[in-house]
Amino acid sequence: MKKSKVMNGIGMVLTVLAVLFLVQRMMALHVDFAKLITPMNMAMTMIMPFFAILVIFINSYCWKLSLQFFSGNFVQTGSSFRAYAQANLMKYLPGNIGHYAGRQFFGAELGISQAALIKASVLEILYSTLSMVCCCALFCVPNITGKTDDWFSEVFFKKIAVVFCILFLLACIVFYCLRKNKYVSVCMNFVRSRVFWDTFFLSFLLCSFGTILSAMEYVVLLGQYGTVGFRNVFIVLSANYVAVFLGFVTPGAPGGIGVREAVLVSILSPFFQEELVILAAVMHRIVLILGDLYAAFASWMLFMRNKDGDRK
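Criteria and thresholds
- Residues numbered from 1 in each chain as written.
- Predicted model: local features only at pLDDT ≥ 70, side-chain atom pairs only at ≥ 80, totals over all residues.
- Heavy atoms only, no water.
- Helix = DSSP H or I, 4+ residues; strand = E, 2+ residues; numbered from the N terminus.
- Buried < 20%, exposed > 50% of the residue type's maximum accessible area, 1.4 Å probe, protein only.
- Contact = heavy atoms within 4.5 Å.
- Core = buried A, V, L, I, M, F, W, Y, C linked by side-chain atoms within 4.5 Å.
- Axes fitted to C-alpha atoms, helices over the stretch in contact; angles between N-to-C directions.
- Left-handed = near helix turned anticlockwise from the far one by under 90°.
- Nonpolar A, V, L, I, M, F, W, Y, C, P; charged D, E, K, R; others polar.
- Phe/Tyr/Trp six-rings, centres within 6.5 Å; stacked < 30°, edge-to-face > 60°.
- Lys NZ or Arg CZ within 6 Å of the ring centre and 35° of its normal.
- Expected span 1.5 Å × (residues − 1).
- Salt bridge = Lys/Arg side-chain N within 4 Å of Asp/Glu carboxyl O.
- pLDDT = per-residue confidence, 0-100.

**Quick word on the overall build of the protein**
Step number 1: Regarding its fold elements, the protein presents eleven helices and zero strands.
Step number 2: Starting at the N terminus and ending at the C terminus, the protein contains elements arranged as α-α-α-α-α-α-α-α-α-α-α.
Step number 3: Burial statistics for the protein: of 312 residues in total, 43% are counted as buried.
Step number 4: If you take every contact in the protein between residues at least 6 apart in sequence, the share linking residues at least 24 apart comes to 74%.

Right, here's the structure in full:
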C-alpha cells in the first residue's frame, strides 16, 4: 500500500511537471488560442467526439468478450457499454487506476464476480499493451531507422516476426520455469483453451483498430493546419502511440493528462511548428474528454430506454 502511494505520488509529480512544461512552452511561443475557436475547430469539436465514442464502444465490447469467457455468463452489449463508459470517467481521478476500480463497482451490477472482473481487466491490459507495442513497431521503427519508404518491405516484417518469435520463446521459458506456481497453473489452463485465444485475438484486432482510429483523430486535427503530408503521417502516428503508452503507464496521471501532450510536443517539435502541435494536442484532449462524457451519457440513456421498455 505504501509503495503504491509512493508510485502515485511520483506519477502526480511527473504530471505536474508535464503540465508546467506545456504552460512554459505556450508562454514562450505566445500561442494564439483564438485559433481553437475557428469554425473548422468548432466543427471538429462537434464531430470528433463521436469517433471517440466509437473507440470506447469497441473497448467495451472487447471487455464484454473477456467477461463472458471468465464468467461463463452471457453479457448484454448495452449493459457492458454502460458499465465501461461510466467507469471510464473515473480514470480522471488521481492514481490512473480509477477506471479499473470503477469496473469492479459497475461490473458487479452485471452479476459478474469480482474475480472474473479482475481477470478481464488483466487480459485487457495484456492485449491493449500488445496492441500499442505492435502499432509502435509498425510506425515508430521505420521512422527511427529513417526507412519510411520500406514500411511495407518484406525484410522489415521479417525482422518484426523474428522479434515476436524471440519474445514468445522467452515467455514460454518463463512459464515452464514457473509451471508449478499455482497462479501460473491457472494461467496455463486458460492458455490451453481455444476459446481463450479466440477471445484474445479478436479483442486484440478490435483494440488495434480503436487505437489507430484514436491516433488518426490527432492526425486530422494537426492536418487541418496543412502541415501533415503523407510521409509525415507515420511520424505523427508513431508519436501518438508513444505518448498514449507513456500516459497509460504513468501512475498518478489522471487520464494521462499533461504527460501525453508533453510527449507529443517533445517528439513532434523538430518536424512541425511547435505552436500547431500544442494547439492540436489541446484540441485532441478536449475531443477525448467530450467523447468520454458523451459515451457515459449515451450509455445511461440507452440503459434508461431499455429499463422503460422492460417495465412496459
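**Description of the nonpolar core**
Step number 1: Residues Y218, L222, L264 and L268 are the most contacted members of the largest nonpolar core, which totals 31 residues.
Step number 2: Counting residues per element, the ones that place at least two in this core are α2 (39–71), α5 (114–145), α8 (194–223), α9 (230–249), α10 (259–268) and α11 (274–311).
Step number 3: At eight residues, the largest contribution of residues to this core is made by α11.
Step number 4: If you look at the next biggest cluster of nonpolar residues, it comprises 27 residues, including L67, A116, L123 and F204.

**A look at the packing of α2 against helix α3 (residues 77–88)**
Step number 1: Where α2 meets α3, the closest approach of the two axes is 9 Å, and the angle between their N-to-C directions is 115 degrees. Two packed elements cross with a definite hand, and for α2 against α3 that hand is right-handed. Contact residues: I53, I56, F57, N59, S60, Y61, W63 and K64 in α2; T77, S80, F81, A83, Y84 and N88 in α3.
Step number 2: Here the residues of the contact of α2 with α3 are counted per class, giving eight nonpolar, five polar and one charged.

**A few points about the packing of aromatic side chains**
Step number 1: Applying the stated criterion to the full structure yields twelve aromatic pairs.
Step number 2: Following the ring pairs from residue to residue traces out a cluster consisting of F69, F70, Y127, F196, W197, F200 and F201.
Step number 3: Sitting over the face of the ring of W63, R103 holds its NZ or CZ atom 6.0 Å from the ring centroid.

**Quick notes on the side chain of H284**
Step number 1: Mapping H284 onto the fold places it in helix α11.
Step number 2: Using a relative accessible area of 2% as the deciding quantity, one classes H284 as buried.
Step number 3: Setting aside anything within four residues of it in sequence, one finds H284 in contact with S214, E217, Y218, L221 and N240.

**A look at α3**
Step number 1: Counted at 1.5 Å a residue, the expected span for α3 with its twelve residues is 16 Å, and the 16 Å between its end C-alpha atoms agrees.
Step number 2: Burial analysis of α3 places nine of its twelve residues in the buried class, the great majority of the element.
Step number 3: Inspection of α3 places S80, F81, R82, A83, Y84, A85, Q86, A87 and N88 among the buried residues, and these make up the whole buried set.

**A short note on the packing of α3 against helix α4 (residues 98–107)**
Step number 1: The geometry of α3 relative to α4 is characterised by a closest axis approach of 8 Å and an angle of 145 degrees between their N-to-C directions. In this structure, α3 crosses over α4, and the sense of that crossing is right-handed. Contacts from A83, Y84, Q86, A87 and N88 of α3 reach α4 at G98, H99, G102, R103, F106 and G107.
Step number 2: Looking at the contact of α3 with α4, its residues break down into four nonpolar, six polar and one charged.

**Brief notes about the pattern of salt bridges**
Step number 1: A complete count under the given rule lists three salt bridges for this structure.
Step number 2: We note a salt bridge from R194 to D198, for which the minimum N-O separation is 3.9 Å. Of this pair, R194 and D198 both sit in helix α8, four residues apart, roughly one helical turn.
Step number 3: Salt-bridge contacts for R285 lead to E261; the nearest nitrogen and oxygen are separated by 2.7 Å.

**Here's the deal with the confidence of the model for the protein**
Step number 1: On average, residues of the protein score 75 in pLDDT, and 67% of them reach the 70 mark or higher.
Step number 2: Confidence, expressed as mean pLDDT per element, reaches its minimum in the protein at helix α1 (residues 2–29) with 58 and its maximum at α2 with 89.
Step number 3: Segment residues 147–153 is flagged for pLDDT under 50; beyond a separation of four residues in sequence, or across chains, it makes 14 contacts in the model.

**Some details on α10**
Step number 1: For α10, a buried count of eight out of ten residues is recorded, marking the element as mostly surrounded by other parts of the structure.
Step number 2: Inspection of α10 places V259, R260, E261, A262, V263, L264, V265 and L268 among the buried residues, and these make up the whole buried set.

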